[in-house]
Amino acid sequence: MSGYDTSAVARVVVGVSGSLGSVTALRRATALARKLGAELWPVLAWEPPGGDATARRSPAAALLVEEWQRLAKRRLASVLGEIFGEEGPGVPMRAVIVRGTPGRALVATADRESDLLVVGAGRRGLQRAFSGRVCRHCLTHARCPVLAVPPSPLESDLVAVHRRNAWHRRMDTRDL
């Protein structure tokens, strides 16, 4: 963000999905909004199961759209409640749900030059080739500055624990 006039930032838009990467991005976005005196816009993108193309072919999908949207609202409220608790983020906030793919939804929401878009950068290592699509889309298509937040160092530890548990390997107590 060097060379960017941060005093002009009116909104800090951040993608929220509930993943560890999005939680890290949400925490960074909240700190930036507080520092810049900007409004925080957490955004959760949702799509019908199977995508929009599948939903258009199914007559029953039209009846379920309201339910899927309600579930998306509940998920966003749940994530925000877990992160901020009763006291809230301490900055003005407008939580938004958008129907669409995450990358397009974030770029469409952060549509002003005075916005700052914050996204999780995805995983590190070999898995990065298959993740980070949202981040790449935002970096390529956004009209405003984009901050890609690297994953928390604890995320790799958590992935290692999951992998060890999935393979039913014993825990090495010397690592504790």
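This report concerns the structure included in the present document. Position numbers for residues count from 1 along each chain, tracking the sequence in the order it is written. The model is predicted, so local features are restricted to residues of pLDDT at least 70 and side-chain atom pairs to those at 80 or more, both for listing and for counting; the totals for chains, interfaces and linings are taken over all residues. The basis for every side-chain value is the complete set of non-hydrogen atoms in the structure, without hydrogens or water.

### Quick word on the pairing of strand 2 (residues 39–46)
(1) Moving on: Any residue under 20% of the maximum accessible area for its type is buried, any over 50% is exposed, and the rest in between are partly exposed; the area is computed with a 1.4 Å probe on protein chains only. Here a helix means four or more residues in a row that DSSP labels H or I, a strand means two or more in a row labelled E, and each is numbered from the N terminus. Among the 8 residues in strand 2, 6 count as buried, and that is most of the element.
(2) Moving on: Judged from the 5 bridges that link them, strand 1 (residues 11–15) and strand 2 form a sheet pairing that is parallel. Paired with G15 across the strands is V43, a residue of strand 2.
(3) Moving on: The β-α-β motif built from strand 1, the intervening helix 1 (residues 20–36) and the parallel element strand 2 has right-handed crossover chirality.
(4) Moving on: Bridging between strand 2 and strand 3 (residues 96–99) involves 4 bridges; their strand directions are parallel. If you follow W46 over to strand 3, its bridge partner there is R99. Pairing between strands is defined by DSSP: at least two bridges between the two strands are required. By the criterion used throughout, a crossover qualifies as right-handed when its path from the first strand across the helix to the second strand runs clockwise, the strands pointing away from the viewer.

### Thoughts on the packing of aromatic side chains
(1) Moving on: Note on aromatic contacts: the rings of Phe and Tyr and the six-membered ring of Trp form a pair at centre separations within 6.5 Å, being stacked when their planes are under 30 degrees apart, edge-to-face when over 60 apart, and tilted otherwise. In the structure shown here, the tally under the stated rule is 0 aromatic pairs.
(2) Moving on: Geometrically, a charge over a ring is one whose NZ (Lys) or CZ (Arg) sits within 6 Å of the ring centre while staying within 35 degrees of the ring normal. When the ring centre of W41 is taken as reference, the NZ or CZ atom of R11 above it lies at 4.1 Å.

### Here we look at the pattern of salt bridges
(1) Moving on: Salt bridges are defined as contacts in which a side-chain nitrogen from Lys or Arg sits within 4 Å of a carboxyl oxygen from Asp or Glu. Tallied over the full model, the rule gives 3 salt bridges.
(2) Moving on: The closest approach of N and O atoms between D111 and R11, which form a salt bridge, is 3.2 Å. One end of the pair, D111, is in the loop between helix 4 (102–109) and strand 4 (115–120); the other, R11, is in strand 1, and 100 residues separate them in sequence.
(3) Moving on: Residue R11 is classed as buried on the basis of its relative accessible area, which comes to 4%.
(4) Moving on: A salt bridge links D115 to R11, with the shortest nitrogen-to-oxygen separation between them at 2.5 Å. Separated by 104 residues along the polypeptide, D115 in strand 4 and R11 in strand 1 bring together distant segments of the chain.

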